[in-house]
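# Structural description and commentary
If you want the building blocks of each chain, they are given just below.
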Amino acid sequence: ALSLGGIGVGLALQSWAIYSRAPLSVFLACRFLTGCCAGAGPVGKALLADIGCATGQLPRFMAWRDAATTLAFIAGPSIGGA
């Protein structure tokens, strides 16, 4: 939860830095904060791998994870208006 919360705050601060036309150093500091909290993806994938191996459903779990990631890249900008 801490990692995901940090990513959310970092992305919000990055958006604020761009919107308010803050100096590049402020944007990079916000980007650094986001990067420090970006451990959620690999940890989540490792958890799925552990559970998937134990239940014999590893390929199914990884396919759903990758499908969700791909959908996020497609739907996110569409919803956000980019």
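The structure this text deals with has already been given above.
I will try to describe carefully the structure that is included in this document. Keep in mind that this is a model prediction, so the values were computed, not measured. (Residues numbered from 1 in each chain as written. Predicted model: local features only at pLDDT ≥ 70, side-chain atom pairs only at ≥ 80, totals over all residues. Heavy atoms only, no water.)

## Considerations on the pattern of salt bridges
As a reminder, the rule being used: Just to be clear on terms, a salt bridge is a Lys or Arg side-chain nitrogen sitting within 4 Å of an Asp or Glu carboxyl oxygen. Throughout, exposure labels follow a simple rule: accessible area from a 1.4 Å probe, protein chains only, divided by the maximum for the residue type, with under 20% read as buried, over 50% as exposed, and the rest as partly exposed.
Taken as a whole, this structure holds one salt bridge when the rule is applied. The residue R65 makes a salt bridge to D66 at a minimum N-O spacing of 3.5 Å. According to the relative accessible area criterion, R65 is partly exposed, its value standing at 25%. On the basis of relative accessibility, which here comes to 38%, the residue D66 falls in the partly exposed class.

## Some thoughts on the packing of helix α1 (residues 2-19) against helix α2 (residues 24-36)
A packed helix pair is summarised by two numbers, namely the angle formed by the two axes and the spacing between the axes. Heads up, the condition is: Helix axes are fitted only over the stretch in contact, all axes being lines through C-alpha atoms; the angle between N-to-C directions runs from 0 to 180 degrees. Secondary structure elements follow DSSP: runs of H or I of four or more residues count as helices, runs of E of two or more count as strands, with numbering from the N terminus. What sets the label is the angle itself: under 35 degrees gives roughly parallel, over 145 gives roughly antiparallel, 65 to 115 gives roughly perpendicular, and the rest give oblique. The hand of a helix crossing depends on one turn: near helix anticlockwise from the far one by less than a right angle means left-handed, and clockwise means right-handed. Residues are treated as being in contact if the distance between any of their heavy atoms lies within 4.5 Å.
Two elements in contact, α1 and α2, have axes separated by 8 Å at closest approach and are oriented at 165 degrees. With respect to their mutual orientation, α1 and α2 come out roughly antiparallel. Every pair of crossing elements has a handedness; the one defined by α1 and α2 is left-handed. From α1, I7, V9, G10, L11, L13, Q14, W16, A17 and I18 reach across to α2, where they touch V26, F27, C30, R31, L33 and T34.

## Details of the environment of R31
Of note, R31 is situated in helix α2. Sequence separation of R31 and L11 is 20 residues, and the distance between their C-alpha atoms is 7.6 Å.

## A word on the packing of helix α3 (residues 40-55) against helix α4 (residues 58-80)
Interaxial distance between α3 and α4 falls to 8 Å at its minimum, and their mutual angle equals 150 degrees. Between α3 and α4, the interaxial angle falls into the category roughly antiparallel. When you trace α3 past α4, the crossing you get is right-handed. From α3, G41, K45, L48, A49, I51, G52, C53 and T55 reach across to α4, where they touch L58, F61, M62 and R65.

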